[in-house]
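Below, each chain spelled out in residue letters.
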There are 2 protein chains.
Amino acid sequence: MPTLSDLGQLPKRIVLGRAVRSDRLGESLLPKRYALPIFASDPLSSVAYATQEILIVLTLAGTAFLYLAPWLAVGVVLLLITVVLSYRQVVHAYPSGGGDYEVAMKNHGQFAGLTVASALLVDYVLTVAVSVSAGTDNIISAFPSLDEHRVLIAVGLVSLLAAANLRGVRESGRAFAAPTYLFIAGIGILIVTGLIRWFVTDGGLVAETSQYSVTPEPGYENLAGLALLLFALRAFASGCTALTGVEAIANGVPAFRAPKSRNAATTLALMGGIAAAMFAGVTALALLADVKYVEHPCDLVGFADCETEPQRTVIAQLAAATFGGDTSLGFFYIQAATALVLILAANTAFNGFPLLGSVLAQDRFMPRQLHTRGDKLVFSNGILLLAGFAVLLIVAFDADVNRLIQLYIIGVFTSFSIGQWGMVRHWNREMQSTADPAERRRMRRSQIINTLGGTLTTIVLVIIVITKFTHGAWLVIVSMPVLFVLMRAINRHYSYVSEQLVPDTDARTLPSKVHAVVLVSKVHKPTLRALAFARATRPDELTALTVNVDDAETRGLQADWERFDIPVPLTVLESPYREITRPVVDFVKNIRRGSPRELVVVFVPQYVVGHWWENLLHNQSALRLRARLQFQPGVMITTVPWQLASSVGRDDDGRGGPAPGDLRRGLTDDSDAVPYG
Amino acid sequence: MPTLSDLGQLPKRIVLGRAVRSDRLGESLLPKRYALPIFASDPLSSVAYATQEILIVLTLAGTAFLYLAPWLAVGVVLLLITVVLSYRQVVHAYPSGGGDYEVAMKNHGQFAGLTVASALLVDYVLTVAVSVSAGTDNIISAFPSLDEHRVLIAVGLVSLLAAANLRGVRESGRAFAAPTYLFIAGIGILIVTGLIRWFVTDGGLVAETSQYSVTPEPGYENLAGLALLLFALRAFASGCTALTGVEAIANGVPAFRAPKSRNAATTLALMGGIAAAMFAGVTALALLADVKYVEHPCDLVGFADCETEPQRTVIAQLAAATFGGDTSLGFFYIQAATALVLILAANTAFNGFPLLGSVLAQDRFMPRQLHTRGDKLVFSNGILLLAGFAVLLIVAFDADVNRLIQLYIIGVFTSFSIGQWGMVRHWNREMQSTADPAERRRMRRSQIINTLGGTLTTIVLVIIVITKFTHGAWLVIVSMPVLFVLMRAINRHYSYVSEQLVPDTDARTLPSKVHAVVLVSKVHKPTLRALAFARATRPDELTALTVNVDDAETRGLQADWERFDIPVPLTVLESPYREITRPVVDFVKNIRRGSPRELVVVFVPQYVVGHWWENLLHNQSALRLRARLQFQPGVMITTVPWQLASSVGRDDDGRGGPAPGDLRRGLTDDSDAVPYG
């Protein structure tokens, strides 16, 4: 497979780091202080757009309903806490890192499991698209002149991430821990400073958009009754984007130090707390500073150049208002940290995707080779697929966070709710098998939490589907079943095959004798080697076989055969039609027909070339022959490779560096090791 | 190669006829009366546009210079006769059918040979493009309403030809003989009837365009001196299109009955005579009937709807004038015959192309597999390539014969002149080796003929290059070197390889002992078969090898191993990185390092699947492993195929039916045999 190995070169040549042996894994597993930032970048980063999304919906009706914002925020925070608590149960019950998929599979069976799987796969794509777009937004907020290049920047960032992961970049280490902490710190300072400012100067915290009023969108002028309820729910659904990524830790338990589950649970709680605080703080500050953020900039009455100028993100507006304008150091710091953490969040998808892929492959829902590691090529395809779809979405939706968000949370909440209900059933089963009342009480408590989580997330899922369907969510709702069906088909194929392979006696019967057939075209090194090797296997019969497609050539061959007095007689097959494959196949068929229990070994000398194009000039008949012979039972095809000079140094070592998702699987890499613990 | 065999299905399924065994070839070789039409359709068909091309150029200057036409025609006829005479020498001297390529190769060496080869390859493409476009023209002349679909029709015809040849249609037989005879007869009758008409009604033969006058193109108003000379030469060059295809017979000698050369020479003379007569007659008639045919229809003063209406071809105008209008039976007959013979001419390219390819492959200037027959796939690629480029040209030049012609004859005359000069040198060598004066006299005569031919064709070539370069010929002049370089590169590669393969002693030394390694993933049929087969080869050592990528799975495997009490010990390789390829390769390397003279045979159980996509789900690691192992010297890879249910019936029989060019190689097919001779 020249192309294969050729491609193989690329990742190999530019690879960095070396994977660590399993027996040394212990040392390099993640302590909490590294696990938190690495797993939390995704959930925490959503703080950067959750508040904004609530405002966007509310301001559709002008400023009249902004009073709903705090209540919605409280709702989101409560939901967040419930979900975190629920997942703490998951990490205890399923420490293997299968996450919702495993839970659903084990407790609700295939259907639920695959639904979760498809949901997650779609989700990874959207995590990349949304996070990168939001990151771009915050970069543009710092440098508005870049606005016209929005899509280009976003696509560029995705490409960058893809390239980095193709190179086999590792998640662990300070490089990945830093941005998250910088972000947490930054937002923390922002909130505190902001609040102080507001109290001290009482109300002196003013966002640049505070002086604008908002013209309601047509149809939203005077909402009431059911319309108002739906409106509020829609805003709430948008706010729920704050929960995206919470499941990350549940999928990464294997990466934690022992006691894995305990540490994971603690980290989860920590993460939940921080996320809640940040979200609440930012939302509060946004309302105090009277930030406006609307779907269509020109609804901002007073925003003169709404056509040309971009809206600043809520974070950017707050930073500017708090730290003294959009030229202050604080402002740039916040923007940088926010953009960075968002890009990091996107990167987690590149790690989660192959991880899920390998779990799915193990269960035979995806091609088997996704399971075994070290095949750069497979991971590369995964990375390119992920990046490709993300770019597709970004381009299709002009890197517009608000439009992408509509597609985002469906997947998340699908897996949330199915996972939680799975846990409920899990506890039922557990309790049946335990007598100890204390145990049972603990389980009951866990079950109650999961029931609550399941109920809430399901309600939210329904809300999302209702309120977002027409806003683009249908795209996701369509693509999930597609993935579902695909995985089912793959699984059916694999089980269909393995049925065929159940051993029976006849597969073990030894052939009576071995008849070796060596294919000869010329008397040259490859042929002589093939002959020597064939003789070395001491077959019961040995035939040197050539096909006469050109009398002159054949005579020449026979002459050489004499000259080198080769100890094996040369059989010449006539080929009136100047073919090679057919006569050989017929010859083999005849041997088998003569004595069916005889094993025929066909030795095919083959050139090993260095460049893919060389294969166009060689091995064609060898390939064709193998393709034909393999359909004959009782026939083995033995390739006798002859290494041409051009092949030297092409001995491609398939492996190199860490593959994305290794860390989350507990397969970490500690070259340029950070002294953990 | 699933895709390979899958593709293989296609030609196979729709194949017709069966090739005939070489030993029965004699019967089905071509007698002259079949050889003439089959080889002459190309040269004769050019009568359909040669006259027209002369007129197009002359009428650029209005009607003032039409008086040149007869002289130019005479010039063309003389040239035609010389060329035919020269080729009679070729068929006598080189009966193998190598034609100009062989002549140039043998007498001027590689450079000249490859130049001819590239010229011919380009030519085949243009033969298709020009002939089909001309055919379309004549169809449109009969049904002017089709004019708007010109390109579509032409492309459709090319596709039709391609399809027919993919199906493996045979050239021999009445089907292919008829149209040429119908055409010859038709044009003969046309000329005779036309002349009679003209004499009887004195001057009563009037073409529909006779009443039109022609406005000269800017720049051509009053030509004189050198300008006039160049003008005349350009018209002459256009007329030389009458010679295209003359070489066909020289390439088809093997298809003739013995005495091959004699019969070929006679046929050649016959063909030349007929072509000359037809061309002369048509031109004369066209001038008598005062036919006008111009480059831009609207230069015809009086041709009202020149924007919408197409010009009728010269042939069509003559037919209409002779047989009483464009509704007469005679008119439609002529148009049908002309269109048919032109399409047939295009078809000859589909036969000549693979023939040349196989000759080039034999000389190692093209991939080897082009030489051996019966590989439908290879020919298919050739056919598709030819058709593809032809379509490209047709679309690029709107199926405009006049514009395509500009590219056409360069190739033809390149091979003409190089070939003729080759013959001159050939005779020199011959004469040195013969004493017999009679012999020498005959040779001298032949040499004089070839010298004349060489001189004239060279002059014409120069004229063509000068007068046509800016009219599109540059395209050909550019693409020929490209092909040239490509073929050189291929050749260099082949010889570079064969140098490496010169046998030496070490290639023959027998390995000291054989170590068989059977790869095991599970205990299922394929594994058990592989083990059984491996044991049957009675190696000195036998290792069953598995790689532990998943402890649980491996324990399961070991348990099964016990349960089936398999007589071979199972070696488990630890793979900390969850890889398969690398540990195995290292294991093999170690064996070799331990005892370099030991031969390692790696048995790889492999699934044989029926659908290409199944291979995405299987055999990946097997493929990768083979790709890696083949770089290890002293290692043989033995594939133990296990036929999955889906593979049943996929045993694709590569061959079927005749391949294009067989007949010209003397490999004919006589199913539905015509009683030749």
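Residues numbered from 1 in each chain as written. Chains lettered and ligands numbered in written order. Predicted model: local features only at pLDDT ≥ 70, side-chain atom pairs only at ≥ 80, totals over all residues. Heavy atoms only, no water.

## What to know about the nonpolar core
Across soluble globular proteins, nonpolar side chains have a tendency to be buried as a group. Within the largest apolar cluster, 157 residues are counted, with the highest numbers of intra-cluster contacts made by Leu243(A) and Phe413(A). Take this core: its biggest share by element is 17 residues, from helix H7 (residues 110-142) of chain A. By size, the runner-up hydrophobic cluster in this structure holds 155 residues, among which are Leu120(B), Leu157(B), Phe183(B) and Ala399(B). (Core = buried A, V, L, I, M, F, W, Y, C linked by side-chain atoms within 4.5 Å. Buried < 20%, exposed > 50% of the residue type's maximum accessible area, 1.4 Å probe, protein only. Helix = DSSP H or I, 4+ residues; strand = E, 2+ residues; numbered from the N terminus.)

## Things to note about the environment of Gly245(A)
Residues and elements named next belong to chain A. Counting through the fold element by element, glycine 245 comes out in the loop between helix H10 (225-239) and helix H11 (248-251). Of the residues examined, glycine 245 reaches a relative accessible area of 2% and is grouped as buried. When the C-alpha positions of glycine 245 and tyrosine 124 are compared, they lie 9.7 Å apart, and in sequence the two are 121 residues distant. If we skip the residues at most four places from it in the chain, glycine 245 touches Asp42 and Pro43. (Contact = heavy atoms within 4.5 Å.)

## A short note on the packing of helix H4 (residues 47-58) of chain A against H10(A)
Residues and elements named next belong to chain A. With their axes 7 Å apart at the nearest point, H4 and H10 run at an angle of 160 degrees to one another. Here H10 runs roughly antiparallel to H4, going by the angle between their axes. Along this stretch, H4 crosses H10, giving a crossing that reads as right-handed. For the pair H4 and H10, the contacting residues are Ala50, Glu53, Ile54, Val57 and Leu58 in the first and Phe231, Arg234, Ala235, Ser238 and Gly239 in the second. Residues belonging to the contact of H4 with H10 are distributed by class as follows: six nonpolar, two polar and two charged. (Axes fitted to C-alpha atoms, helices over the stretch in contact; angles between N-to-C directions. Parallel < 35°, antiparallel > 145°, perpendicular 65-115°, else oblique. Left-handed = near helix turned anticlockwise from the far one by under 90°. Nonpolar A, V, L, I, M, F, W, Y, C, P; charged D, E, K, R; others polar.)

## Notes on the confidence of the model for chain A
Residues and elements named next belong to chain A. For chain A, mean pLDDT is 84; residues scoring 70 or higher make up 89% of the total. The model gives residues 1-27 a pLDDT under 50, and that stretch makes 61 contacts with residues more than four places away or in other chains. Low pLDDT, under 50, characterises residues 669-677; the predicted model gives this stretch 34 contacts beyond four residues in sequence or across chains. Across the whole predicted complex the pTM is 0.71, and at the interface the ipTM reaches 0.71. (pLDDT = per-residue confidence, 0-100.)

## Observations concerning the side chain of Thr467(B)
Among the structural elements, Thr467(B) can be located in helix H17 (residues 437-468). When near neighbours in sequence (up to four residues on either side) are disregarded, Thr467(B) contacts Leu230(B), Leu233(B), Arg234(B) and Ala237(B).

## What about helix H16 (residues 401-432) of chain A?
Residue and element names in this part refer to chain A. Along its 32 residues, H16 runs 47 Å from first to last C-alpha, staying within 8% of the 46 Å computed at 1.5 Å per residue. Taking the largest bend as the criterion, H16 deviates by roughly 25 degrees, centred on leucine 407. Counting buried positions along H16 gives 25 out of 32 residues, so the element sits mostly inside the fold. For H16, the side-chain oxygen to backbone nitrogen distance between the N-cap and asparagine 402 is 2.9 Å, and the N-cap itself is aspartate 400. (Expected span 1.5 Å × (residues − 1). Bend = angle between axes of the 7 residues up to and from the residue. Polar contact = N/O pair within 3.5 Å; in protein donor to acceptor, adjacent residues only side chain to side chain.)

## So, a nonpolar patch on the surface
All names here are of chain A. Judged by side-chain polarity, Leu226, Leu229, Leu230, Val462 and Ile466 come together as a nonpolar surface patch covering roughly 470 Å² of accessible area. The set of elements that each furnish at least two residues to the nonpolar patch consists of H10 and helix H17 (437-468). The element that contributes the greatest number of residues to the nonpolar patch is H10, accounting for three residues. Relative to the helices and strands, leucine 229 is located in helix H10. (Patch = residues over 30% accessible without salt bridge, like charges linked within 9 Å, V, L, I, M, F, W, Y side chains within 5 Å. Areas by Shrake-Rupley, 256 points an atom, 1.4 Å probe, with all protein chains shown as cover. Salt bridge = Lys/Arg side-chain N within 4 Å of Asp/Glu carboxyl O.)

## A short note on the sheet that holds strand E4 (residues 541-548) of chain B
Here ten strands make up an open sheet; going across it, the order is E5(A)-E4(A)-E3(A)-E6(A)-E7(A)-E7(B)-E6(B)-E3(B)-E4(B)-E5(B) and the pairing mixed. Here the strands that pair on one side only, and so sit at the sheet edges, are strand E5 (570-574) of chain A together with strand E5 (570-574) of chain B. Strand-to-strand twist in this sheet, taken as the mean axis angle between neighbours without regard to direction, amounts to 30 degrees. With five bridges joining them, strand E4 (residues 541-548) of chain A and E5(A) adopt parallel strand pairing. (Pairing = 2+ DSSP bridges.)

## Notes on the state of the cysteines
Residue and element names in this part refer to chain B. All chains considered together, the criterion is met by two disulfides over all chains. A disulfide bridge connects cysteine 298 with cysteine 306, and the sulfur atoms are separated by 1.9 Å. Where cysteine 298 bonds to cysteine 306 through sulfur, the torsion about that S-S bond is close to 95 degrees, and the disulfide is right-handed. Residue cysteine 298 is classed as partly exposed on the basis of its relative accessible area, which comes to 36%. (Disulfide = S-S within 2.5 Å.)

## Thoughts on the pattern of salt bridges
Note on pairing: side chains with opposite charge can pair once their charged atoms come close. Considering all chains together, one arrives at 26 salt bridges over all chains under this definition. The residue Asp137(A) makes a salt bridge to Arg150(A) at a minimum N-O spacing of 2.2 Å. Here Arg150(A) lies in helix H8 (residues 150-166) and Asp137(A) lies in helix H7, a separation of 13 residues in the sequence. The exposure classification of Asp137(A) matches that of Arg150(A), with both residues buried. Between Asp147(B) and Arg150(B) there is a salt bridge, with the nearest N and O atoms lying 2.8 Å from each other. For Asp147(B), a relative accessible area of 18% gives the class buried. Among the ionic contacts, a cluster of salt bridges with common partners joins Asp137(A), Asp147(A) and Arg150(A).

## Re the packing of aromatic side chains
Under the definition given, this model contains 24 aromatic pairs over all chains. Both rings, one in Phe65(B) and one in Tyr67(B), keep their centres 6.2 Å apart while their planes meet at 45 degrees; by these two values the pair is tilted. Classification of Phe65(B) as buried rests on a relative accessible area of 9%. The class for Tyr67(B) is partly exposed, based on a relative accessible area of 48%. Here the aromatic residues Phe65(A), Tyr67(A), Tyr220(A) and Phe231(A) are joined through ring pairs into a cluster of three or more. For the cation-ring pair, Arg364(A) lies above Tyr494(A), with the distance from its terminal atom to the ring centre recorded as 5.3 Å. (Phe/Tyr/Trp six-rings, centres within 6.5 Å; stacked < 30°, edge-to-face > 60°. Lys NZ or Arg CZ within 6 Å of the ring centre and 35° of its normal.)

## Some thoughts on the pairing of E4(A)
Residue and element names in this part refer to chain A. Extensive coverage of E4 is indicated by the burial of six of its eight residues. In this fold, the crossover linking strand E3 (residues 514-519) to E4 by way of helix H19 (residues 525-536) has right-handed handedness. With respect to chirality, the unit in which E4 leads through helix H20 (residues 551-563) into the neighbouring parallel E5 is right-handed. (Right-handed = clockwise from strand over helix to strand, strands pointing away.)

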